[in-house]
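# Residue-level structure breakdown
These are the residues of each chain, in order.
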Amino acid sequence: MRVFVTGAAGFVGSRLVARLRARGDAVEATDRELDVTRPDAVGAALAGFRPDAVAHLAALSFVPDSWSAPEAAFRVNFLGGRSVLDAAAAAAPAARVLLVGSGAVYGSAAPGTPPFDESAPLRPASPYAWSKAAADRLGALRAARGLDVVRARPFNHTGPGRPDAFVESSFARQLAELEAGRGDGRVAVGNLDAVRDFLDVDDVVDAYLRLLDPTTPAGVYNVASGRGRPIRAVLDGLLALTSQRPAIREDPARWRPADAGVGDASRLREVTGWQPRIAFEDTLSRLLDHWRKQVAAG
Ligand code: A2R
């Protein structure tokens, strides 16, 4: 298959490209050098490559940044998505388009609420989530006009290389630093009662490979474990992997009221046979090892 990937240098995109190439696909891997907010450039690139499938992952992906720069989030995440959809309709109208959105489009629920399935109303609660919800709605409109669009709504995913702006990677980095004798013996945390749904990034890439398959029916798919984990359990999981016993310091800058974001991926499982294969403990272990190496390398 010929696959055109945006956001190919990112945390997920780099792994997706490696998997596609390993199975023999011809891949056009693009990132910042092809600014997705420039429709003409995206159109020319797609017309030149003539893909069978497009995986659109380019985004500004960190939610707090979207509060400080909402225009940028909207431009890249919504208008960038529009560029890709329009370019595909014009230059590769038969291509499967995988539009990677976010489970954040559902907003948040009280801890203990059942997981969101794809029929849950969209209640996005940040500029990031608004921009992803807008792109999702546009994807649905383009699909109604005949474009072969799959909208993915991934929940949290992590693994080695996840930036430490994200909570689980921040904990792992701090513990690796304590092991190396750095820091003040404390780990800074936000609200440990928040509940999130974590997958290993490699399981998410596996889901995207199935969703890129043109025999998978188009539509909308959550990509989620279905299991809510309090952030406290993520910290405990990492503490089980180290002899460090740090004090916990609540960082007011990271603190938010506790809420839950958990997805129901029954549809993805039933339609594609996908299931997560990597135990969360293994994901945390690889994440911590990654940070140990980073810290050792300075
Ligand atoms: O912001 P950078 O310099 O890290 O570059 C990101 C890139 N990107 C763009 N590419 C083309 N044109 C743009 N205007 C543009 N703005 C940003 O997209 C980065 O290399 C890539 C996205 O990768 P990450 O931020 O590492 O996201 P991740 O975790 O791989 O998530 C992939 C998708 C995104 O749509 C997320 O919103 C969703 O999964 O959860």
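Only a predicted model underlies this, so the values are computations on that prediction, with no experimental measurement involved. (Residues numbered from 1 in each chain as written. Predicted model: local features only at pLDDT ≥ 70, side-chain atom pairs only at ≥ 80, totals over all residues. Heavy atoms only, no water.)

Here we take up the site of the ligand. With respect to spatial proximity, 21 residues lie near the ligand, and among them Val12, Arg32, Ser61, Tyr128 and Lys132 are the closest. Within the backbone of Leu57, an N or O atom sits 3.0 Å from an oxygen atom of the ligand. Take Ala59: an N or O atom from its main chain is 3.4 Å from an oxygen atom of the ligand. Residue assignment for the shell around the ligand shows that the elements contributing at least two residues are α1 (11-22) and α5 (127-144). Its residues placed into classes, the shell around the ligand shows 12 nonpolar, 4 polar and 5 charged. (Near = heavy atom within 4 Å. Polar contact = N/O pair within 3.5 Å; in protein donor to acceptor, adjacent residues only side chain to side chain. Helix = DSSP H or I, 4+ residues; strand = E, 2+ residues; numbered from the N terminus. Nonpolar A, V, L, I, M, F, W, Y, C, P; charged D, E, K, R; others polar.)

Ranked by size, the top nonpolar core spans 38 residues in total, and within it Val5, Leu16, Tyr208, Leu211 and Val223 carry the most contacts. Elements supplying a minimum of two residues to this core: β1 (2-6), α1, β3 (53-56), β4 (96-100), β5 (148-154), α7 (201-212) and β10 (219-223). Other than its neighbours up to four places away in sequence, Val5 contacts Leu16, Val17, Leu20, Val27, Glu28, Ala29, Thr30, Ala55 and Leu57. (Core = buried A, V, L, I, M, F, W, Y, C linked by side-chain atoms within 4.5 Å. Buried < 20%, exposed > 50% of the residue type's maximum accessible area, 1.4 Å probe, protein only. Contact = heavy atoms within 4.5 Å.)

Attention now moves to the packing of helix α2 (residues 39-49) against helix α4 (residues 70-91). Between α2 and α4, whose axes approach to 9 Å, the crossing angle comes to 40°. Between α2 and α4, the crossing angle belongs to the class labelled oblique. Our pair here, α2 against α4, has a crossing hand that is right-handed. Within the contact between the two elements, α2 uses Pro39, Val42, Gly43, Leu46 and Ala47 and α4 uses Ser83, Val84, Ala87, Ala88 and Ala91. Residues of the contact of α2 with α4, tallied by class, amount to 8 nonpolar, 2 polar and no charged. (Axes fitted to C-alpha atoms, helices over the stretch in contact; angles between N-to-C directions. Parallel < 35°, antiparallel > 145°, perpendicular 65-115°, else oblique. Left-handed = near helix turned anticlockwise from the far one by under 90°.)

Glancing now at α4. Given a rise of 1.5 Å per residue, 22 residues ought to cover 32 Å, and the 30 Å separating the end C-alpha atoms of α4 matches this to within 8%. Along α4, the sharpest kink reaches roughly 25°, centred on Leu79. Of the residues making up α4, those classed as buried are Ala72, Ala73, Val76, Asn77, Phe78, Gly80, Gly81, Ser83, Val84, Leu85, Ala87 and Ala88. (Expected span 1.5 Å × (residues − 1). Bend = angle between axes of the 7 residues up to and from the residue.)

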